[in-house]
Amino acid sequence: MSTAFEGIAKMIASKQLDEAAAGLKNISPTSEEDRVQKYHLEGYMSERRDAWTDAVASYRMVLELDPDHTETLFRLAYVLDLHGDDEEAMLLYEKCVAEPPAHVNAMMNLSVLYEDHGRYDEAIALLGRIVDEYPNDLRARLFYADIESSLTMYYDEDRERNREQHDAVLDIPVSDFELSVRSRNCLKQMNINRLGDLLRTTEPKLLGYKNFGETSLNEIKAMLSQKGLRLGQLIEDPAPPVVGPTGHQPILTAGDANLLNRSVAELELSVRSRKCLQRLGVMTLTELIQHSEPELLSIKNFGQTSLVEIKRRLLELGLNLRQSS
């Protein structure tokens with residue numbers, strides 16, 4: 001890669017995207033190799049801008065000129081992997097790792113896809129290659145252990161179905177129940193809108209509200225009892241405040257709020273970790289730190305490798321996952 005292209009690649013990596021775009025615009029390729037490099041960097045820049053369609057188009061142009069361009073094979077596979085095109089992503093990753101020296105990140109991502117598709121032997125074989133060449137690669141060792149664990153895991157579909165039905169019941173609006181006008185108005189003023197809200201509320205809290213008396217309390221308790229439910233049933237220990245590495249509770253400033261509102265995509269996690277968080281519906285750091293380690297580990301295909309990675313990224317920002325009770 002020429003000095004000019006190397007400088008632009010560094011700009012893109014450090015998110016100086018406008019400067020990189022200007023630099024690329026000023027380069028007129030004089031050879032096929034230069035065109036390959038320019039298309040590749042245009043794809044990488046589009047990827048960093050989250051312009052996935054443009055990134056894919058640029059990477060495909062590279063591969064038309066140089067079908068064996070390893071870094072483009074990897075980047076295109078990575079983008080397709082993130083967006084659910086597992087079949088083509090696997091083919092591209094496989095091409096990346098076919099010839100030595102193998103692309104380590106391609107081997108890691110390909111092993112994740114193999115594991116997702118139940119191809120455990122192939123996943124373990126790839127991880128073995130990494131460990132053979134890089135004995136101190138902690139990711140490969142942890143993921144190897146994850147796969148071994150997944151071979152003995154049993155996914156209880158009935159329990160998952162029951163959980164979904166249970167969640168649906170908790171989302172039923174309080175207004176659907178035959179309560180007196182007085183009780184309904186009090187609950188509305190207390191911002192208790194759904195059945196789940198009632199199950200997180202105690203008798204003293206209800207009785208402490210103005211105009212809410214024993215008659216309304218007994219009415220609500222009888223309604224819940226008919227459904228095998230009770231007040232306070234879902235109360236858990238409150239999540240501890242977000243703390244930094246020192247363990248002291250920080251004062252939430254405007255800068256802190258901006259940090260917590262950042263997208264988890266900015267953590268630049270591995271494909272495996274990002275997919276797992278997408279399954280959980282976690283989009284921001286605020287949503288992420290509200291989950292505990294056991295909650296994350298309960299996600300299908302989420303193992304210690306992903307947990308260690310996420311905890312490390314959060315710690316770099318002075319954040320932690322919620323402590324489990």
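Remember, predicted model here, so these are calculated numbers, not experimental data.

Caption draft 1: Region of interest: the confidence of the model for the protein chain. In the predicted model, the protein chain carries a mean pLDDT of 79, and 83% of its residues have values of at least 70. Per-element confidence in the protein chain is highest for helix H4 (residues 52–65), whose mean pLDDT is 94, and lowest for helix H15 (residues 254–260), whose mean pLDDT is 58. Within the model, the stretch residues 236–255 combines pLDDT values under 50 with 22 contacts to residues more than four positions away or in other chains.

Caption draft 2: Broad picture of unusual backbone geometry. Positive phi, close to 65°, is recorded for Asp-50, a residue that is not glycine. Tracing the sequence through the fold places Asp-50 in the loop between helix H3 (32–48) and H4. Owing to a relative accessible area of 51%, Asp-50 belongs among the exposed residues under this scheme. You will see that Glu-268, though not glycine, has its phi angle at about 55°, which is positive. When you line up the elements, Glu-268 lands in the loop between H15 and helix H16 (271–280).

Caption draft 3: Layout of the side chain of His-40. Mapped onto the secondary structure, His-40 falls in helix H3. Using a relative accessible area of 7% as the deciding quantity, one classes His-40 as buried. Leaving out residues up to four positions away in the same chain, His-40 has contacts with Tyr-59, Val-62, His-69, Glu-71, Thr-72 and Arg-75.

Caption draft 4: Inspection of the layout of surface pockets at higher detail. In this structure, the second largest pocket spans a volume of roughly 900 Å³. Considering the residues around the second largest pocket, the lining is formed by 35 residues, among which Tyr-78, Glu-268, Leu-269, Ser-270 and Arg-313 are closest to the centre. Of all elements in the fold, only H3, helix H5 (70–82), helix H7 (104–116), helix H9 (138–150), H16 and helix H19 (304–316) reach the threshold of two or more residues within the lining of the second largest pocket. With six residues, H19 is the single largest residue contributor to the lining of the second largest pocket. Tallied by class, the residues present in the lining of the second largest pocket amount to 13 nonpolar, eight polar and 14 charged.

Caption draft 5: Inspection of the packing of aromatic side chains at higher detail. In the structure shown here, the tally under the stated rule is two aromatic pairs. Where Phe-74 meets Tyr-93, the ring centres are 6.0 Å apart and the plane angle is 50°; that geometry is what we call tilted. One end of the pair, Phe-74, is in helix H5; the other, Tyr-93, is in helix H6 (residues 86–98), and 19 residues separate them in sequence. Assigned by exposure class, Phe-74 and Tyr-93 land together as buried. Among the aromatic side chains, those forming a connected cluster through ring pairs are Phe-74, Tyr-78 and Tyr-93.

Parameters and conventions
- For every chain, the first residue of the written sequence is number 1, and numbering continues from 1 onward in sequence order.
- In view of the model being predicted, local features appear only for residues whose pLDDT reaches at least 70, and side-chain atom pairs are presented and counted only at 80 or more, with totals across whole chains, interfaces and linings using the full set of residues.
- To get the side-chain values, take all heavy atoms of the structure and skip hydrogens and water.
- By definition, pLDDT measures how confident the predictor is in each residue, and it falls between 0 and 100.
- Segments assigned H or I by DSSP are reported as helices when at least four residues long, segments assigned E as strands when at least two residues long, and all are numbered from the N terminus.
- We call two residues contacting when some pair of their heavy atoms lies within 4.5 Å.
- A simple rule labels every residue: compare its accessible area, found with a 1.4 Å probe on the protein chains alone, to the largest value its type can have, and call it buried under 20%, exposed over 50%, or partly exposed in between.
- The pocket and cavity definitions rest on a 1 Å grid over protein atoms only: a 1.4 Å probe that fits but cannot leave marks a cavity, an open set with protein on both sides within 12 Å along at least five of seven lines marks a pocket, and residues lining either have an atom within 4 Å of a point.
- Grid points are joined across faces, edges and corners, and a volume is the space filled by probe spheres set on the points.
- All amino acids are sorted into three groups, where Ala, Val, Leu, Ile, Met, Phe, Trp, Tyr, Cys and Pro are nonpolar, Asp, Glu, Lys and Arg are charged, and the leftover types, Gly among them, are polar.
- Two aromatic rings from Phe, Tyr or Trp, using only the six-membered ring of Trp, form a pair when their centres are within 6.5 Å; if the ring planes differ by under 30 degrees the pair is stacked, by over 60 it is edge-to-face, and anything between is tilted.

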